[in-house]
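For reference, the chains in residue letters:
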Amino acid sequence: MVEYTDQALVLRVGRFKEADCWVKGYSPSQGVFTAFAFGGMRSRRRFCGCLDPLNLLSLRLKKEKGGRYVSLMETGLLAAPRRLRQDAPRLGMMMNCLKFLEALAPGPENAPAAFALATQTMAAFEECERLPQAFPALFRWRLTLDQGYRPELETCHACGASLRQGEESVRLALRDGRAFCARCGWNQAAEASHWLSRAAWDILCQAAETPPAAWGGREHRSLDATQWNSTQFSADDVSAAARAADRYVVMHTGVHWDRFGYRRS
Ligand SMILES: [Zn+2]
């Protein structure tokens, strides 16, 4: 029997006997895992009443003889969302993000980045006043990029022109993650690429490079240059970015949404 400690964001909890439960979580060292908490529904001393989805926990675990299953010995509460649990639309978006994380299930090698993104997302949902409607699509995009599918964001693959300034539109070749300026983009095959407006491209670049709390708004100087203001991207630009993101994500991960949840094809 091997005992070890870990951290996890709780994805789901299920009961299987009067007092026992299983916990499915995401940890920065293992990715998705399931552990059994015997007495989990009763023992406040060992589990501090904190075996609930969305809680961030410290864990003491034990791999049982033969390695057939893992038992949860003890937990401590590191963070629990409050606002999220009282705001149904936010909660819906957060759960959607976590379901995608669970379906994609980045393994141990990519788990630290995925875990960081998930916990930063949770913090953004707790703290930010305004978040874009298409937040889950930006989350899927970023998580996919962090798993090794990062496209070129800076320069046109053909001519080297900067894609971060000046260009009125950008064409993203979905399969190989190459991006082209408006002039070079015309040569790309229509079914395997996606045109984006300048603003929609900015949204995808922002989601690729900044923490979730910064998504969907743009920082700029006031007219008299005395302070920084932030304005939201338009809803149209955000949905255009989300459409491109979703095509890219499905192509590279095979994870798509159907009526019942995320599926990997
Ligand atoms: Zn070009």
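Thresholds applied
- Residues numbered from 1 in each chain as written.
- Predicted model: local features only at pLDDT ≥ 70, side-chain atom pairs only at ≥ 80, totals over all residues.
- Helix = DSSP H or I, 4+ residues; strand = E, 2+ residues; numbered from the N terminus.
- Buried ≥ 20, exposed ≤ 12 C-beta atoms within 10 Å, placed from the backbone.
- Contact = placed C-beta atoms within 7 Å.
- Pairing = 2+ DSSP bridges.
- Axes fitted to C-alpha atoms, helices over the stretch in contact; angles between N-to-C directions.

### A look at the overall build of the protein
Here's step 1: Of regular secondary structure, the protein possesses 8 helices and 12 strands.
Here's step 2: Each principal axis of the C-alpha distribution contributes one length, and for the protein these read about 65 × 45 × 30 Å.
Here's step 3: When burial is assessed residue by residue, the protein has 34% of its 265 residues classed as buried.
Here's step 4: Restricting the contact set of the protein to residue pairs at least 6 apart, pairs at least 24 apart contribute 60%.

### Regarding unusual backbone geometry
Here's step 1: Positive phi is not limited to glycine here, since L54 has a value of about 80°.
Here's step 2: Topologically, L54 is positioned in the loop between α1 (44-47) and β4 (56-63).
Here's step 3: Note on L54: 18 C-beta atoms within 10 Å, which makes it partly exposed.
Here's step 4: One non-glycine residue with positive phi stands out, namely A105, at about 45°.
Here's step 5: If you trace the backbone, A105 turns up in the loop between α3 (88-104) and α4 (111-127).

### Concerning the sheet that holds strand β8 (residues 193-197)
Here's step 1: Taken in spatial order, the 3 strands line up as β7-β6-β8 in an open sheet, and their pairing is antiparallel. The two strands at the open ends of the sheet, each matched to only one other strand, are β7 (178-181) and β8. With strand direction ignored, the average angle separating the axes of adjacent strands in the sheet is 25°.
Here's step 2: As paired strands, strand β6 (residues 169-173) and β8 are joined by 5 bridges and run antiparallel to one another.

These values are about where atoms sit, not about what they do.
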